[in-house]
Amino acid sequence: MRQGRADEYAEFAVARAGHLYRSACLLTAGDTHLAEDLVQETFGRLYVRWGRVSRVENPAAYAQTVLTRAFLAHHRRRSSGERATDVFPELAGAGDGDASLRLTLLDALARLPAKDRAVVVLRYWDDRSVEQTADVLGVSSAAVRTRCSRALGRLRALLGEDLSEYARP
């Protein structure tokens, strides 16, 4: 890679790393180690294709798509020897914000199937439209709406209608 493109890539990576990491933490329901791995994998894939990626209309959206697909691929190939637990790893930045609410939300997200979790994160964290979410996941808009509706219903059942009990007094 030419020095100019390498500098451009490095600037992009520094600017997007925080957002991609936060998205990855939500996708992995708080598994910070897996989130770091997914972000690293995303940046590796972007580096290899940076010549093309830098020319797309929205490289940040492309990066988010790569991250989401890396998460779904990881979830599909996860070893049967791995066991999910209800113990959360140490969370980066847990001191800022309401820790109880954060843990409750991450626990609820963890209980959703991977594709439902991806839809919720893309739609409500990344603020993408139904069509953009469908494009990232490679499904129809109707499938996104259905998954979104079911995922929000599950979250409501897990969290209750009112989150005020988790808010600070």
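Residues numbered from 1 in each chain as written. Predicted model: local features only at pLDDT ≥ 70, side-chain atom pairs only at ≥ 80, totals over all residues. Heavy atoms only, no water.

Colleague: For this particular structure, what's the right way to read unusual backbone geometry?
Modeller: Leave glycine aside and you will find that most residues have negative phi; peptide bonds, for their part, are mostly trans. For Ala29, which is not glycine, the phi torsion reads 55° and is therefore positive. Considering the arrangement of structural elements, one finds Ala29 in the loop between helix H1 (3-27) and helix H2 (32-48). Relative accessible area serves as the criterion here: at 8%, Ala29 is assigned to the buried category. Not every positive phi belongs to a glycine, and Asp127 is a case in point at roughly 60°. In this structure, Asp127 sits in the loop between helix H6 (114-125) and helix H7 (130-137). (Helix = DSSP H or I, 4+ residues; strand = E, 2+ residues; numbered from the N terminus. Buried < 20%, exposed > 50% of the residue type's maximum accessible area, 1.4 Å probe, protein only.)

Colleague: Got a minute to help me understand helix H4 (residues 59-77) in this structure?
Modeller: For an α-helix, 3.6 residues make a turn, and residues three or four places apart therefore share a direction. Helix length check: H4 (19 residues) gives 27 Å between terminal C-alpha atoms against 27 Å at 1.5 Å per residue, within 8%. Where H4 is buried, its residues meet H1, H2, helix H3 (50-53), H6 and H7. (Expected span 1.5 Å × (residues − 1). Contact = heavy atoms within 4.5 Å.)

Colleague: Just checking my understanding: could you explain the side chain of Ser23 for this structure?
Modeller: In this fold, Ser23 is placed in helix H1. Within polar-contact distance, the side chain of Ser23 engages the side chain of Gln64 at 3.4 Å. Separated by 2.9 Å, the side chains of Ser23 and Trp125 make a polar contact. Once residues lying within four places of it in the same chain are set aside, the contact partners of Ser23 are Gln64, Leu67, Val121, Trp125 and Asp126. (Polar contact = N/O pair within 3.5 Å; in protein donor to acceptor, adjacent residues only side chain to side chain.)

Colleague: Before we go on, may I ask you to explain the nonpolar core in this structure?
Modeller: One broad trend across soluble globular proteins is that nonpolar side chains are buried collectively. Membership of the largest hydrophobic core comes to 42 residues, with the highest contact counts inside it found for Phe43, Leu46, Leu67 and Leu137. The set of elements that each furnish at least two residues to this core consists of H1, H2, H3, H4, helix H5 (99-110), H6, H7 and helix H8 (141-159). Counting residues per element, this core draws most heavily on H1, at 8 residues. Setting aside its immediate chain neighbours within four residues, Leu46 contacts Tyr9, Phe12, Val53, Tyr62, Ala63 and Val66. (Core = buried A, V, L, I, M, F, W, Y, C linked by side-chain atoms within 4.5 Å.)

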